[in-house]
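Here are the chains, one letter per residue:
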Amino acid sequence: MLRNFLILIFTLLLLAGLWMAGQRYGLSNLPGTYEFKLGNSQVAVPILSCIVISVLLSLLFRFLRRD
């Protein structure tokens, strides 16, 4: 239980670091990111990026689950 929690925290920290690095180096405008303007606000929905991250996390957890 504790091991899974630590892996989850580490993964979230790693993703946050990659997210900040991606914004700094211009990777925030990848294909598959849809932007909508709703009144005075702008909403960005990174659909393709979410799918890629989901697949990578699924593979990571599948390999870590094998004991």
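Chemist: What's the story with the pairing of strand β1 (residues 33-38) in this structure? I'm lost.
Modeler: Within a regular strand, the side chains alternate between the two sheet faces. Judged from the six bridges that link them, β1 and strand β2 (residues 41-46) form a sheet pairing that is antiparallel. Its bridge partner lying in β2, T33 is registered against P46.

Chemist: Any chance you could explain the confidence of the model for the protein here in plain terms?
Modeler: In regions of low pLDDT, the predicted coordinates are not meant to be interpreted in detail. When pLDDT is averaged along the protein, the result is 82; 93% of the residues meet or exceed 70. Per-residue pLDDT, averaged within each element of the protein, yields its smallest value for β2 (82) and its largest for helix α2 (residues 47-65) (85).

Chemist: Just to check I follow, could you spell out the environment of T11 for this structure?
Modeler: By the secondary structure assignment, T11 is in helix α1 (residues 2-24). The sequence separation of T11 and L60 amounts to 49 residues, and the corresponding C-alpha distance is 9.6 Å. Setting aside anything within four residues of it in sequence, one finds T11 in contact with L57, L60 and F61.

Chemist: I tried to follow α1 on my own but got confused; where do I start?
Modeler: Because the α-helix completes a turn every 3.6 residues, residues three or four places apart line up on one side. Across its 23 residues, α1 extends 33 Å between first and last C-alpha, which sits within 8% of the 33 Å expected from 1.5 Å per residue. Within the sequence span of α1, burial applies to I7, T11 and G22. Elements in contact with the buried residues of α1: α2.

Calculation rules
Residues numbered from 1 in each chain as written. Predicted model: local features only at pLDDT ≥ 70, side-chain atom pairs only at ≥ 80, totals over all residues. Heavy atoms only, no water. Pairing = 2+ DSSP bridges. Helix = DSSP H or I, 4+ residues; strand = E, 2+ residues; numbered from the N terminus. pLDDT = per-residue confidence, 0-100. Contact = heavy atoms within 4.5 Å. Expected span 1.5 Å × (residues − 1). Buried < 20%, exposed > 50% of the residue type's maximum accessible area, 1.4 Å probe, protein only.

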